[in-house]
Amino acid sequence: MKKITKKTYLDWYENMLFWRKFEDKLAQVYINQKVRGFLHLYNGQEAVLAGALHAMDLTKDKMITAYRNHVQPIGMGVDPKRVMAELYGKATGTSQGLGGSMHIFSKEHRFYGGHGIVGGQIPLGAGLAFGDKYKGNNAVTLCYMGDGAVRQGSLHETFNMAMLWKLPVVFCCENNGYAMGTSVARTANHTDIWKLGLGYEMPCKPVDGMKPELVAKEIDEAMERARRGEGPTFLEIRTYRYRGHSMSDAQHYRTKAEVALKQEEDPISYVLHNIYQKKWATEEEIEAINKSVKQKVSECEKFADESPYPEKSLMYDAVYEQKDYPFLPHKL
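Before going into details, it helps to say that this report is about the structure given with it.

**Notes on the overall build of the protein**
Counting its secondary structure elements, the protein contains eleven helices and five strands. Relative to the globule expectation of 20 Å for 332 residues, the C-alpha radius of gyration of the protein, 20 Å, shows essentially globular dimensions. For the protein, the C-alpha atoms occupy an extent of roughly 75 × 50 × 40 Å along the three principal directions. Considering the protein as a whole, with its 332 residues, one finds that 50% of them fall into the buried category.

Here it is in structure tokens:
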């Protein structure tokens, strides 16, 4: 694994803080109805992405996830201004405003969504890995899902095929405890999700998802195993979301006291504590990072606000049309 250094921690702090503030801004503009539809925020889970990016080779590795997907493409290299514009439904967005919150996508940066169907991305992640194995790219796909998605049959079908074909994919369950609003304990006979890999003899284990260095270590080991041709790994990354499942979630399934207790494990505070403990930055240097992050978020908001909406004709350009389709009369 790449060495974890002073720069690593400072980058983690800046990136994780930016992701947090980016999501906070989206929550604010959602209330102002500048962003419409569903909105699923990543607050609290930042260490999962930070650790994964440290382990990845961003020149070839891929990532695919569910609908809580705004900050992952930013980490992969997508311009955050374009991500925010996409959430606004603007023409300058990553999909010209046609995708929206749940469907951020960037072929250039190997981020393949953003999927609204629960568990729909799991077989697609294995498909990306199959393509890399077929082409001999020595690349690995990180395929993320939530704890609710592991109840889908597609996961089991995919696990079986991925093991049979020894696909270079790491399946990561971001277990934030409640899926949409139902605890893991109420949806299964066991709460150790990682054990689902045992039925396929797939290497599997739980991971502390609140500390980026632990996430980086486990994902690095899994990715190296995949590069050696030894097939997939299943990691249950135990994390926690501080906001609701979506902006419309009243959160009746948990108490404010529980959330406050979990916020004491905040991954951003954890990284900052390590920086101060090791004397890697002064308070003035940290304050400079804080100001820079605030400015970057403001620039994203300004860009999205000032960008134009797409022309209505664009909707028709994205629809497949076969002029000689044989099963419909040409004249009605």
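From this point, the narrative continues.
**Comments concerning the packing of helix H5 (residues 121-135) against helix H6 (residues 153-164)**
It is the contact of H5 with H6, at a shortest axis distance of 8 Å, that shows an interaxial angle of 20°. Classified by the interaxial angle, the pair formed by H5 and H6 is roughly parallel. As for how H5 packs across H6, the hand of that crossing is left-handed. Counting all contacts with H5, which are made through Ile122, Pro123 and Ala126, the residues of H6 involved are Ser154, Leu155 and Thr158. Grouping the constituent residues of the contact of H5 with H6 by class yields four nonpolar, two polar and no charged.

**Here's the deal with the pattern of salt bridges**
In the structure shown here, the tally under the stated rule is 18 salt bridges. Across the salt bridge formed by glutamate 221 and lysine 217, the nearest N and O atoms sit 3.0 Å from each other. Of the two residues, glutamate 221 and lysine 217 are both situated in helix H7 (residues 212-227); the distance of four residues between them amounts to about one turn of the helix. What makes lysine 217 partly exposed here is its relative accessible area of 37%. In this structure, glutamate 224 engages arginine 227 in a salt bridge whose closest nitrogen and oxygen atoms are separated by 3.4 Å. Linking glutamate 224 with arginine 227, this pair stays in helix H7, spanning three residues, or about one helical turn. Under the relative-accessibility criterion, glutamate 224 is labelled partly exposed at 32%. Three or more residues joined by partner-sharing salt bridges are found here, namely Asp192, Lys195, Glu236 and Arg238.

**Section: the pairing of strand S3 (residues 169-175)**
Two faces, one strand: in a regular strand the side chains alternate between the faces of the sheet. Counted residue by residue, S3 has seven buried out of seven residues, so it is predominantly covered. Summarising the sheet, S3 and strand S5 (residues 233-238) pair through six bridges and their orientation is parallel. What sits directly across from phenylalanine 171, in S5, is phenylalanine 234.

**A word on the nonpolar core**
By size, the foremost hydrophobic cluster in this structure holds 59 residues, and its most contacted members are Leu142 and Ile219. Sort the elements by how many residues they give to this core and helix H1 (residues 6-31) lands first, with twelve residues. Apart from residues no more than four positions distant in its own chain, isoleucine 219 is found in contact with Ala52, Ala55, Leu142, Tyr144, Cys172, Leu235 and Ile237. Membership of the second largest hydrophobic core comes to 25 residues, among which are Ile122, Met145, Ile193 and Cys204.

**With respect to the sheet that holds S3**
By definition, the strands of a sheet pair up through backbone hydrogen bonds, in either a parallel or an antiparallel sense. Reading across the sheet, the five strands line up as S1-S2-S3-S5-S4 and stay open at both edges, with parallel pairing between neighbours. On the outer flanks of this sheet lie strand S1 (62-64) and strand S4 (204-208), each paired with one strand and no other. Direction aside, the axes of adjacent strands within the sheet are offset by 20° on average. Note that S4 and S5 share five bridges and pair parallel. Within S5, the residue paired with valine 207 across the bridge is isoleucine 237. Helix-sheet contacts for H7 involve strand S2 (141-146), S3, S4 and S5, and the interaxial angle to S4 is about 155°.

What counts as what
Residues numbered from 1 in each chain as written. Predicted model: local features only at pLDDT ≥ 70, side-chain atom pairs only at ≥ 80, totals over all residues. Heavy atoms only, no water. Helix = DSSP H or I, 4+ residues; strand = E, 2+ residues; numbered from the N terminus. Rg over C-alpha atoms; globule rule 2.2 N^0.38 Å. Buried < 20%, exposed > 50% of the residue type's maximum accessible area, 1.4 Å probe, protein only. Axes fitted to C-alpha atoms, helices over the stretch in contact; angles between N-to-C directions. Parallel < 35°, antiparallel > 145°, perpendicular 65-115°, else oblique. Left-handed = near helix turned anticlockwise from the far one by under 90°. Contact = heavy atoms within 4.5 Å. Nonpolar A, V, L, I, M, F, W, Y, C, P; charged D, E, K, R; others polar. Salt bridge = Lys/Arg side-chain N within 4 Å of Asp/Glu carboxyl O. Pairing = 2+ DSSP bridges. Core = buried A, V, L, I, M, F, W, Y, C linked by side-chain atoms within 4.5 Å.

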